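Spelled out from the first residue to the last, the chains are:
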Amino acid sequence: MVNTAVIVAAGLGSRLKERTTHQPKGFVEIDGLAIVERSIQQLIASGITHIVIGTGYLSAFYEELAGKYPQINCVHNKDYQDSGSMYTLYQMRDTLDSDFLLLESDLLYDPSGLKYLLHDSTQDIILASGTTHSNDEVYIEYDHNHFLVNMSKQLSVLKSADAELVGICKISIDTYKRMCQWSAEVFAQHWKWDYEQALVAVSKNKPLLVQKIEHYVWCEIDTEEHLVRAKQDIYPKLQHITEQSFPVRRNILLNPGPATTTDTVKLAQVIPDICPRETEFGELMKWTADQLTSFVAPIDQFTTVLFGGSGTAAVEAVLSSVVGEGKLLIISNGAYGERMAEIVGAYGIDHEVFASSPIMPLAFDEIEQVLQHNSNVFTHVAVVHHETTSGILNDIHKLGQLCARYNIDLIADAMSSYGAIPIDMLHSHISFLISSSNKNLQGMAGISFVIANRAKLQALQNHTPRNYYLNLYRQYEYFEKTGQMRFTPPVQTFYALKQAIIETQQEGIAERYQRYTHSWETLIAGLDQLELQYLVPLEHHSKIITTIQEPTIDGYDFDQMHDYLYRYGITIYPGKIGKLSSFRIANIGEIDHQDITYFLEKLGDYLNTIR
Ligand SMILES: *Cc1c(COP(=O)(O)O)cnc(C)c1O
């Protein structure tokens with residue numbers, strides 16, 4: 001929790017001429033209130049309990065303000081005439097001991113900017129806006145993932161002007177210490193360093209996030225022209241702002257789901273309160289179920305049964321509901337296959353496991369032999385379509401044809417393939433297919449579903465139930481009769497899923513797979529360059545998840561690598577296949593090849609620190 005703010009207010013404000021001969025520029029009034037006092041009131045209203053003001057020119061004004069607001073504490077920079085804002089900040093090194101908001105004294109701004117910085121868990125954030133044309137802008141150059149590269153008033157020193165500095169930042173105490181350390185070394189040559197220059201210096205070794213809010217309402221008041229703009233344009237706008245909807249920061253998730261989502265999917269969750277037993281919500285679920293079916297099967301012969309719960313809930317629902325007194329053959333080549341065996345084990349369901357190599361394709365002749373030798377024993381076969389632990393893709397079409405020949409029902413866990421890899425349940429003879437809302441569909445976590453052959457589903461009617469919450473037939477029947485889920489659904493997640501489905505339809509499943517494939521190609525090329533090995537032979541890759549062998553360099557540590565990348569907004573995930581230590585990169589979600597390029601760059605930087 002950040003509860004401290006620092007205002008740098010030592011400057012002369014000489015560009016405001018006679019307006020600042022008798023008072024510091026923070027005391028210029030708009031609508032009868034000094035701009036700095038309005039800022040202080042906004043800080044207090046946002047939960048700030050401690051305000052340190054760095055004073056210099058006419059500091060008595062601020063001392064008086066401190067008398068009025070007990071939250072204020074002034075720190076004087078006696079060399080304010082010759083020094084810059086960093087020197088003022090440097091005077092506080094004995095006072096500051098926790099993360100703080102840093103503000104300039106001459107700002108008029110939308111207070112929701114403060115809440116935005118305070119609510120984001122990132123420790124260092126520089127608030128920025130789109131173009132203001134205000135004259136005197138500080139331009140920001142940032143990298144692909146919006147981390148600071150450079151800042152300057154001179155466009156010529158920047159490769160690109162990506163945003164404008166507002167003059168409100170969230171600074172961690174570690175960053176502040178680094179700023180002071182750097183400054184102590186350069187003050188000897190130059191006293192007039194601004195805090196902006198110190199931030200740029202720190203950003204060479206530490207990621208500092210730039211949060212750009214395109215249409216943020218704010219201005220700085222340095223000149224008469226600024227003051228006119230503040231009074232005529234900005235202040236009236238601020239009075240009309242009631243609620244600002246800000247973009248939510250996007251992280252690059254390279255873990256195998258939940259995946260990075262679009263802003264539109266995130267924001268779709270914010271809806272008026274609604275009871276999920278209303279017709280309106282029932283219609284939303286019906287629409288959702290129909291769309292989910294039609295991605296992979298004809299809607300007249302297949303139907304989708306929805307559950308509140310993570311993907312495993314739907315896997316468990318199918319396995320514990322459909323096998324009955326029959327026998328299940330589980331084809332397993334990774335952790336998710338093993339999990340299926342654990343589930344049926346818990347229910348005491350008769351089963352056998354056909355174990356296959358985690359990195360090589362299924363041996364169909366061997367599977368066929370098992371079925372032949374046990375003719376009429378197996379009623380069901382279960383397989384993971386895309387084994388997320390290794391990134392190997394199992395040929396469910398071929399398996400479905402085989403099952404059809406032996407009159408066996410095929411159950412496919414398509415959790416991490418559905419939504420990206422085209423599937424045709426009818427022609428591939430798949431009776432039950434399972435997936436969830438938060439992988440390739442790019443929705444939020446919390447909904448899992450079973451797409452079922454309707455006739456096979458209806459045949460379960462007289463099965464003696466082994467389960468309750470997860471009973472597939474009961475869930476289906478109740479929804480058919482009432483248009484409701486049996487138990488409370490994750491309401492807001494459904495609205496996000498609706499938006500995610502619309503976006504999947506707009507992009508197209510084949511096109512989504514192309515985008516993922518482009519990311520995967522970029523990844524493979526980059527891994528080769530970094531001399532890192534992947535486990536599965538290239539021709540068997542799903543192009544969705546890649547398992548990479550851990551480097552054997554001394555000093556390599558997965559957690560350190562994770563933390564290094566995490567600070568740049570990138571999340572990676574460990575993995576273990578057999579005895580081999582590995583990590584996994586999933587290129588699913590709302591990311592593309594440019595994000596992968598950025599990741600490779602940062603991964604290279606990390607490896608250079610240990611190589
Ligand atoms: C993600 C995944 C699951 C389900 O995992 P949850 O954590 O329960 O959502 C099941 N099978 C496969 C193949 C998966 O990739």
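The rules behind these values
Residues numbered from 1 in each chain as written. Predicted model: local features only at pLDDT ≥ 70, side-chain atom pairs only at ≥ 80, totals over all residues. Heavy atoms only, no water. UniProt positions renumbered as here; feature names shortened; annotations may be inferred. Helix = DSSP H or I, 4+ residues; strand = E, 2+ residues; numbered from the N terminus. Buried < 20%, exposed > 50% of the residue type's maximum accessible area, 1.4 Å probe, protein only. Contact = heavy atoms within 4.5 Å. Areas by Shrake-Rupley, 256 points an atom, 1.4 Å probe, with all protein chains shown as cover. Lys, Arg positive; Asp, Glu negative; His and termini not counted. Charge placed at Lys NZ, Arg CZ, Asp CG, Glu CD. Near = heavy atom within 4 Å. Polar contact = N/O pair within 3.5 Å; in protein donor to acceptor, adjacent residues only side chain to side chain. Nonpolar A, V, L, I, M, F, W, Y, C, P; charged D, E, K, R; others polar. Phe/Tyr/Trp six-rings, centres within 6.5 Å; stacked < 30°, edge-to-face > 60°. Lys NZ or Arg CZ within 6 Å of the ring centre and 35° of its normal. Pairing = 2+ DSSP bridges. Axes fitted to C-alpha atoms, helices over the stretch in contact; angles between N-to-C directions. Parallel < 35°, antiparallel > 145°, perpendicular 65-115°, else oblique. Domains from an automatic or database assignment.

- The chain is annotated in an unreviewed UniProt entry as 2-aminoethylphosphonate--pyruvate transaminase of Paenibacillus kyungheensis.
- Within the UniProt record for the chain, the comment given under Cofactor (unreviewed entry) is "pyridoxal 5'-phosphate".
- The UniProt entry for the chain carries this comment under Sequence similarities (unreviewed entry): "Belongs to the class-V pyridoxal-phosphate-dependent aminotransferase family. PhnW subfamily."

Let's talk about the overall build of the chain
Then step 1. When its secondary structure is counted, the chain shows 19 helices and 27 strands.
Then step 2. Once the C-alpha set of the chain is aligned to its principal axes, its extents read approximately 100 × 60 × 35 Å.
Then step 3. By the burial criterion, 59% of the 611 residues in the chain qualify as buried.
Then step 4. In the chain, the proportion of contacts linking residues at least 24 apart, taken out of those at least 6 apart, comes to 73%.
Then step 5. Accessible surface, the chain: about 26,100 Å² in total, of which carbon and sulfur atoms supply 48%.
Then step 6. Each charge class in the chain was averaged separately, 47 positive and 73 negative side chains, and the resulting centres sit 2 Å apart.

Overview of the site of the ligand
Then step 1. Inspection of the region around the ligand gives Ser 310, Gly 311, Thr 312, Tyr 336, Arg 339, Val 384, His 386, Thr 388, Asp 413, Met 415, Ser 416 and Lys 439 as its neighbouring residues.
Then step 2. Measuring from an oxygen atom of the ligand, one finds a backbone N or O atom of Gly 311 at 3.0 Å.
Then step 3. A distance of 2.6 Å is found between a nitrogen atom of the ligand and a side-chain nitrogen or oxygen belonging to Asp 413.
Then step 4. Protein contact buries 85% of the 380 Å² of open area that the ligand shows by itself.
Then step 5. Its residues assigned to classes, the shell around the ligand shows three nonpolar, six polar and three charged.

Side note on the packing of aromatic side chains
Then step 1. Applying the stated criterion across every chain, the model contains 20 aromatic pairs.
Then step 2. Ring centres of Phe 100 and Tyr 176 lie 5.5 Å apart, and the angle between their planes is 80 degrees; on these two criteria the pair is classed as edge-to-face. In this pair, Phe 100 is assigned in strand S6 (residues 100–104) and Tyr 176 in helix H5 (residues 173–186), connecting sequence segments 76 residues apart.
Then step 3. On the basis of relative accessibility, which here comes to 0%, the residue Phe 100 falls in the buried class.
Then step 4. Considering the side-chain rings of Phe 147 and Tyr 568, the 5.3 Å spacing of their centres and the 70 degrees angle between planes classify their relative orientation as edge-to-face. Pair noted here: Phe 147 is in the loop between strand S9 (139–142) and strand S10 (148–152) and Tyr 568 is in the loop between helix H18 (558–566) and strand S25 (570–571), with a separation of 421 residues, a long-range link.
Then step 5. Through a chain of ring-to-ring contacts, the aromatic side chains of Tyr 87, Tyr 90, Phe 187 and Trp 191 assemble into a single cluster.
Then step 6. A cation over a ring is seen here: Arg 93 above Tyr 90, with NZ or CZ 3.9 Å from the ring centre.

Considering the environment of Ser 390
Then step 1. Inspection of the secondary structure assignment puts Ser 390 in the loop between strand S19 (386–387) and strand S20 (392–393).
Then step 2. The exposure class of Ser 390 is buried, given its relative accessible area of 2%.
Then step 3. Along the backbone, Ser 390 and Glu 29 are 361 residues apart, and their C-alpha atoms lie at a distance of 64 Å.
Then step 4. Excluding residues within four positions of it along the chain, Ser 390 makes contact with Pro 358, Val 536, Ile 545, Thr 547 and Ile 577.

A closer look at the sheet that holds strand S23 (residues 447–453)
Then step 1. With mixed pairing, seven strands are arranged side by side in an open sheet as S15-S23-S22-S21-S18-S16-S17. Looking at which strands have only one partner, the edges of the open sheet turn out to be strand S15 (302–308) and strand S17 (351–355). For this sheet the average axis-to-axis angle between neighbouring strands, irrespective of direction, equals 20 degrees.
Then step 2. Sheet topology places strand S22 (residues 432–436) next to S23; five bridges connect them, and they run antiparallel.

Notes on unusual backbone geometry
Then step 1. Here the amide bond leading from Gly 257 into Pro 258 is cis, since omega sits at -10 degrees, within 30 degrees of zero.
Then step 2. One non-glycine residue, Asp 31, adopts positive backbone phi at about 50 degrees.
Then step 3. With respect to the helices and strands, the residue Asp 31 is situated in the loop between strand S2 (29–30) and strand S3 (33–34).
Then step 4. Non-glycine residue His 146 carries a positive phi angle of around 70 degrees.
Then step 5. Along the chain, His 146 falls in the loop between S9 and S10.
Then step 6. A relative accessible area of 31% places His 146 in the partly exposed class.

Quick look at the packing of helix H16 (residues 491–507) against helix H17 (residues 509–529)
For any two helices packed against each other, one specifies the crossing angle of their axes together with the interaxial distance.
Then step 1. Closest axis-to-axis distance for the H16/H17 pair is 6 Å, and the angle between their directions is 85 degrees. Put simply, H16 runs roughly perpendicular to H17. In this structure, H16 contributes Glu 503, Thr 504 and Glu 507 to the contact, and H17 contributes Ile 509, Glu 511, Arg 512 and Arg 515.
Then step 2. Of the residues assigned to the contact of H16 with H17, the class counts are one nonpolar, one polar and five charged.

Thoughts on the domain arrangement of the chain
Then step 1. Domain annotation of the chain identifies domain 1 (4–236), domain 2 (275–505) and domain 3 (509–610).
Then step 2. For domain 1 and domain 2, the distance between their C-alpha centroids amounts to 55 Å.

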